[in-house]
Amino acid sequence: MLNGKKIVLGVTGGIAVYKAVELLRLFVKSGAEVHVIMTEAATKFVAPLTFQTLSGNPVHTDMFNLISEQEIGHISLADKADLFVIAPATANIIGKIAVGIADDLLTTTVMATKAPLLLAPAMNVNMYDNPIYQENEAKLRKLGYYFTGPVSGYLACGWDGKGKMMEPAEIFEEAVGVLTDKDMAGIKVLITAGPTLEAIDPVRFISNHSSGKMGYALAKVAKRRGAKVTLISGPVSLPEPSGINFISVKSAKDMEEAVTACCNNNDVIIKAAAVADYRPASISENKMKKGEDKIKIDLVKTPDILANLGKNRKLGQVLIGFAAETTDLINNARKKLEKKSLDLIVANDVTLPESGFNSDKNIVKLLFKDGTVEELPSMAKEQVAYKVLDAAIKLKAHSTL
Ligand code: CTP
């Protein structure tokens, strides 16, 4: 994802320095070349050796270190960076950048770089609320600097309030977002994800094995690419993606209501949810008691949300469905594409080991309404999301319906 990207990670002094180690690990794991600059205060919290070992590059701490200056040099670091991230970013570093102070290696390199700069502030709640800090942040935002967090929580200083650094995974996601082309800017995308849950009584339900991973990957990648995303999700154990409109639902009926309420406002609709086809005809008010050896539960059909969208779609809207199959993949998927009036159906054989429910990978075929089929190899669900969204962008550009 960040393959070959050069990232300079600035680390300033605060208790959250230990989390910057995890952020570095995420950058390295995704293929980035990372150069770390630590302020003197940061080195009091975690030794530079930790960052050096994980990045595989010398850690820069000293403005006047002749060896590292000769090898790479602060101007060279500033020039080479595709992205500059400072995490944690103290009130002090933000204040210095805001007024143009360059009195150590980090501030000097920041001053000299033309790379985008992402700051992850971490500080005491009263420092965060201080109008001087607020003014500095507002000034930097206006100048095009990116900020992520801080969030509310228990702070190391003993206070409970805003000032906690964003989690490394979220800073990583923001960093990827900064480096991603906004080729979906102006496009509104509605995505459904996860299973639905159809109640039998207050403690039991019918559901399926959908993990929501595919739909969440689509939402995350669409957001990265600049789309305005609404994610309607059945019950899953994934964290709610940030920066999108998130709607949590349980049953097929809830999902239908939520989709109906926002479908007309979206340009692209992708139904990755595994909606239950049947629900119990009635929900027992109390917990059903054990009795007979055999019992029957009457089931009735749920609304086919996607088919209804196909019938009532607005002009130019792109409609994409998923087909989870265990037999005759192409034929079954094509029938659904036609029956539900879709532009594209993403067909996956859920019996394959690297495909379908719960897997981090997927093997899919993209079946278009003009008859073309694009077969994709086994790839991470996030990569599948890129491919599906590439297709959505093309379909949107050519949509005449
Ligand atoms: N779908 C839907 N509403 C339903 C059932 C399915 O919107 N009540 C959507 C799914 O979100 C998916 C597509 O229809 O995008 C195909 O779902 P799938 O479960 O593969 O097929 P079904 O139409 O339910 O047919 P079958 O279960 O017989 O394969």
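Treat the numbers as computed from the prediction; the structure is a model and nothing was measured. (Residues numbered from 1 in each chain as written. Predicted model: local features only at pLDDT ≥ 70, side-chain atom pairs only at ≥ 80, totals over all residues. Heavy atoms only, no water.)

1. Some words on the pairing of strand β11 (residues 228-233)
Alright, step 1. Summarising burial for β11: 5 of the 6 residues are buried, a large majority.
Alright, step 2. By the bridge criterion, 6 bridges tie strand β8 (residues 188-193) to β11 in an arrangement that is parallel. For isoleucine 191, the partnering residue across the bridge sits in β11 and is leucine 231.
Alright, step 3. Strand direction decides the pairing type here: β11 and strand β12 (residues 245-248), joined by 4 bridges, are parallel. From the neighbouring strand, isoleucine 232 faces β12, where its bridge partner is isoleucine 247. (Buried < 20%, exposed > 50% of the residue type's maximum accessible area, 1.4 Å probe, protein only. Helix = DSSP H or I, 4+ residues; strand = E, 2+ residues; numbered from the N terminus. Pairing = 2+ DSSP bridges.)

2. Some remarks on helix α1 (residues 17-29)
Alright, step 1. When the terminal C-alpha atoms of α1 are compared, their 19 Å separation across 13 residues agrees well with the 18 Å that a helix rising 1.5 Å per residue should span.
Alright, step 2. Looking one or two places after α1, you find glycine 31, whose phi comes out positive at around 100°. (Expected span 1.5 Å × (residues − 1).)

3. Describing helix α10 (residues 168-179)
Alright, step 1. A rise of 1.5 Å per residue sets the reference length of α10, with its 12 residues, at 16 Å; its end C-alpha atoms lie 17 Å apart and thus fit the reference within 8%.
Alright, step 2. Taken residue by residue, α10 has Pro168, Ile171, Phe172, Glu173, Ala175, Val176, Gly177 and Val178 as its buried positions.
Alright, step 3. In this fold, the buried residues of α10 make contact with α1, β3 (83-89), β4 (117-121), β5 (146-147) and α11 (213-224). (Contact = heavy atoms within 4.5 Å.)

4. Examining a nonpolar patch on the surface
Alright, step 1. Together, Tyr278, Ile295, Ile297 and Leu299 make up an exposed nonpolar region whose accessible area comes to about 380 Å².
Alright, step 2. Checked against the element boundaries, isoleucine 297 lands in the loop between β14 (278-280) and β15 (299-301). (Patch = residues over 30% accessible without salt bridge, like charges linked within 9 Å, V, L, I, M, F, W, Y side chains within 5 Å. Areas by Shrake-Rupley, 256 points an atom, 1.4 Å probe, with all protein chains shown as cover. Salt bridge = Lys/Arg side-chain N within 4 Å of Asp/Glu carboxyl O.)

5. Here's the deal with the nonpolar core
Alright, step 1. Grouped together as the largest cluster of nonpolar side chains are 36 residues, with contacts concentrated most on Leu218, Ile270 and Ile320.
Alright, step 2. Elements supplying a minimum of two residues to this core: β8, α11, β11, β13 (268-271), β16 (318-325), β17 (344-349), β19 (364-368) and α15 (381-398).
Alright, step 3. Not counting the four nearest positions on each side in its chain, isoleucine 320 is found in contact with Val268, Ile269, Ile270, Lys271, Leu306, Leu344, Val346, Val388 and Ala392.
Alright, step 4. Ranked by size, the runner-up nonpolar core spans 33 residues in total, among them Val34, Ala42, Ala87 and Ile171. (Core = buried A, V, L, I, M, F, W, Y, C linked by side-chain atoms within 4.5 Å.)

6. Digging into the sheet that holds β3
Paired through their backbone hydrogen bonds, the strands of a sheet run either parallel or antiparallel.
Alright, step 1. Taken together, the 5 strands give an open sheet; going across it, the order is β2-β1-β3-β4-β5, and neighbouring strands pair in parallel fashion. Both edges of this open sheet fall to β2 (33-38) and β5, since each of them pairs with a single strand only.
Alright, step 2. Helix-sheet contacts for helix α3 (residues 48-55) involve β1 (6-11) and β2, and the interaxial angle to β2 is about 170°. (Axes fitted to C-alpha atoms, helices over the stretch in contact; angles between N-to-C directions.)

7. Structural notes on the site of the ligand
Alright, step 1. In the vicinity of the ligand, 16 residues are found, and the nearest of them are Lys271, Ala273, Asp277, Lys336 and Lys340.
Alright, step 2. Within the contact set of the ligand, an oxygen atom lies 3.2 Å away from a backbone nitrogen or oxygen of alanine 324.
Alright, step 3. Here an oxygen atom of the ligand and a side-chain polar atom of lysine 336 are 2.8 Å apart.
Alright, step 4. Summarising the interface, the protein chains cover 78% of the accessible area of the ligand, which totals 570 Å² for the free molecule.
Alright, step 5. Broken down by secondary-structure element, the contributors of at least two residues to the shell around the ligand are α13 (305-312) and β16.
Alright, step 6. Looking at the shell around the ligand element by element, the count peaks at 4 residues for β16.
Alright, step 7. Its residues placed into classes, the shell around the ligand shows 9 nonpolar, 2 polar and 5 charged. (Near = heavy atom within 4 Å. Polar contact = N/O pair within 3.5 Å; in protein donor to acceptor, adjacent residues only side chain to side chain. Nonpolar A, V, L, I, M, F, W, Y, C, P; charged D, E, K, R; others polar.)

8. Considering the layout of surface pockets
Alright, step 1. Estimated volume of the largest pocket: approximately 960 Å³.
Alright, step 2. Considering the residues around the largest pocket, the lining is formed by 38 residues, among which Ala273, Ala274, Val275, Asp277 and Lys340 are closest to the centre.
Alright, step 3. Those elements that provide at least two residues to the lining of the largest pocket are α11, β15, α13, β16 and α14 (329-339).
Alright, step 4. Per element, the largest residue contribution to the lining of the largest pocket is 4 residues, and it comes from β16.
Alright, step 5. Split by residue class, the lining of the largest pocket holds 17 nonpolar, 12 polar and 9 charged. (1 Å grid on protein atoms, 1.4 Å probe; cavity = no way out; pocket = protein on both sides within 12 Å on 5 of 7 lines; lining within 4 Å. Points joined across faces, edges and corners; volume = space filled by probe spheres on them.)

9. Structural notes on the sheet that holds β11
Alright, step 1. One open sheet holds the 8 strands; their spatial order is β12-β11-β8-β13-β16-β17-β19-β20, and the pairing between them is mixed. Single-partner strands in this sheet number two, and they are β12 and β20 (373-375). Across this sheet, the average inter-strand angle for adjacent strands is 15°, counted without regard to direction.
Alright, step 2. Across 4 bridges, the pairing between β13 and β16 is parallel. Following the sheet pairing, valine 268 is matched in β16 by valine 318.

10. Topic: the packing of α11 against α15
Alright, step 1. Contact geometry of α11 with α15 gives a least axis separation of 8 Å together with a crossing angle of 60°. When the interaxial angle is binned, α11 and α15 end up oblique. Seen from above, α11 lies across α15 with right-handed handedness. The residues of α15 that touch α11, namely those facing Lys213, Met214, Ala217, Leu218, Lys220, Val221, Ala222 and Arg224, are Lys381, Glu382, Val384, Ala385, Tyr386, Val388 and Leu389.
Alright, step 2. Its residues assigned to classes, the contact of α11 with α15 shows 10 nonpolar, no polar and 5 charged. (Parallel < 35°, antiparallel > 145°, perpendicular 65-115°, else oblique. Left-handed = near helix turned anticlockwise from the far one by under 90°.)

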